[in-house]
Amino acid sequence: MNKDAERLIRGSWMRLVPVRLTAAQIFYERLFEIDPSAKALFDGKPMHVQYDKFAHTIDTLVQALDFPASIIDDLQLLARRHVGYGVHLEQYASVGAALLWALERSLGSEWTPEVHRAWGELYLFVEGVMKREAAGTATA
C-alpha cells in the first residue's frame, strides 16, 4: 500500500472515530441485508459488544498501516476463531461489500474514489490473510 492510500485511510478513519460505533452498526445492518445467513453467527450475542470489537479491529488495522506484517498473526488468529464460529470463505466478500458501503454512508461527501480504493486495498489484504488461514484451518 502506498503512502497516499495510508494517508487517506488514516484521515478518513480519524473523521469516523467519534461515530465509529454508529459506523459499526451500519456495517452489521448492511452485512445482514447482503448475507442474511451471517445474522445466525451472532444469535444471542449483544451487538453493542460486536460494534466495539469491530471498531477496535479497524483501529488496530489503521495503526498497523506502516508495518502490515505486524498484524498478520492477529489476523490469522481472528480467522481461526471465525472458522470456529462457522464463517464460510464466501462470506468474506459480503463483509468487504458491507464494510465499504458502511464507510461510504458514514463519510458522505468525503468518500471519494481514492478513499474507496484505499480502503478496498486494505480490505483485500485482510481478506487474503484471513482466507488463507481459514482455508488451512478448515482442512486441518
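Being a predicted model, the structure only gives us computed values, none of them experimental.

Novice: Looking at this structure, how should I read the environment of Phe54?
Specialist: Structurally, Phe54 is set in helix H3 (residues 47–63). Classification of Phe54 as buried rests on a relative accessible area of 11%. It is 8.9 Å that separates the C-alpha atoms of Phe54 and Arg20, two residues lying 34 residues apart in sequence. Apart from the residues lying within four places of it in its own chain, the contact partners of Phe54 are Ala24, Phe27, Tyr28 and Leu99.

Novice: Is there a simple way to think about the nonpolar core in this case?
Specialist: Of all hydrophobic cores here, the largest spans 42 residues; its most connected members are Phe27, Tyr28, Ile58 and Trp119. Only helix H1 (3–16), helix H2 (20–34), H3, helix H4 (72–85), helix H5 (91–107) and helix H6 (113–139) provide two or more residues apiece to this core. The dominant element in this core, judged by the number of residues it contributes, is H6, at nine residues. Those residues in contact with Phe27 that lie beyond four places of it in its chain are Phe54, Val95, Ala98, Leu99 and Ala102.

Novice: Is there a simple way to explain the packing of H2 against H3 in this structure?
Specialist: Helix packing for two helices is described by the angle between their axes and how far apart those axes are. Direction vectors running N to C along H2 and H3 enclose 110 degrees, while the axes themselves pass 9 Å from each other. In terms of their interaxial angle, H2 and H3 are classed as roughly perpendicular. Counting all contacts with H2, which are made through Arg20, Leu21, Ala24, Gln25, Phe27, Tyr28 and Phe32, the residues of H3 involved are Met47, Gln50, Tyr51, Asp52, Phe54, Ala55 and Asp59. Tallied by class, residues from the contact of H2 with H3 come to nine nonpolar, two polar and three charged.

Novice: For this particular structure, what's the right way to read the packing of aromatic side chains?
Specialist: For any pair of aromatic rings, the description rests on two quantities: the centre-to-centre distance and the angle between the ring planes. Across all of its chains, the model carries eight aromatic pairs by this definition. Measuring from centroid to centroid gives 6.0 Å for Tyr28 and Phe54, while their planes differ by 65 degrees, and the two rings are edge-to-face. Of this pair, Tyr28 sits in helix H2 while Phe54 sits in helix H3; the two residues are 26 residues apart in sequence, bridging distant segments of the chain. Both residues of the pair, Tyr28 and Phe54, count as buried. With a centroid separation of 5.6 Å and 55 degrees between ring planes, the pair formed by Phe32 and Phe42 is classed as tilted.

Novice: Would you mind showing me how to read the environment of His88 here?
Specialist: Topologically, His88 is positioned in the loop between H4 and H5. The spatial distance from the C-alpha of His88 to the C-alpha of Ala134 is 8.5 Å, given a sequence separation of 46 residues. A distance of 3.5 Å separates a polar side-chain atom of His88 from the backbone oxygen of Gly86.

Novice: Any chance you could explain the packing of H1 against H3 here in plain terms?
Specialist: Relative to each other, H1 and H3 sit at 145 degrees, their axes nearing to 10 Å. Helix-helix and strand crossings are classified by hand; for H1 and H3 the assignment is left-handed. Between H1, through Ile9, Arg10 and Trp13, and H3, the contact on the second element is made entirely by Ala55, Ile58, Asp59 and Val62. Residues of the contact of H1 with H3, tallied by class, amount to five nonpolar, no polar and two charged.

Novice: Looking at this structure, I do not really get H4. What am I missing?
Specialist: Working note: α-helix, 3.6 residues per turn, so residues spaced by three or four point in the same direction. End to end, H4 covers 20 Å across 14 residues, agreeing with the expected 20 Å (1.5 Å per residue, within 8%). Of all the residues in H4, the buried ones are Leu75, Leu78 and Ala79. Projected onto a plane normal to the axis of H4, the buried residues spread over an arc of 105 degrees and lie on a single side. Across H4 from its buried face, at more than 90 degrees, point the exposed residues Asp73 and Gly84. Gly86 sits one or two residues past H4 and shows a positive phi near 100 degrees.

Reading the values: the criteria
Residues numbered from 1 in each chain as written. Predicted model: local features only at pLDDT ≥ 70, side-chain atom pairs only at ≥ 80, totals over all residues. Heavy atoms only, no water. Helix = DSSP H or I, 4+ residues; strand = E, 2+ residues; numbered from the N terminus. Buried < 20%, exposed > 50% of the residue type's maximum accessible area, 1.4 Å probe, protein only. Contact = heavy atoms within 4.5 Å. Core = buried A, V, L, I, M, F, W, Y, C linked by side-chain atoms within 4.5 Å. Axes fitted to C-alpha atoms, helices over the stretch in contact; angles between N-to-C directions. Parallel < 35°, antiparallel > 145°, perpendicular 65-115°, else oblique. Nonpolar A, V, L, I, M, F, W, Y, C, P; charged D, E, K, R; others polar. Phe/Tyr/Trp six-rings, centres within 6.5 Å; stacked < 30°, edge-to-face > 60°. Polar contact = N/O pair within 3.5 Å; in protein donor to acceptor, adjacent residues only side chain to side chain. Left-handed = near helix turned anticlockwise from the far one by under 90°. Expected span 1.5 Å × (residues − 1). Arc of directions from axis to C-beta.

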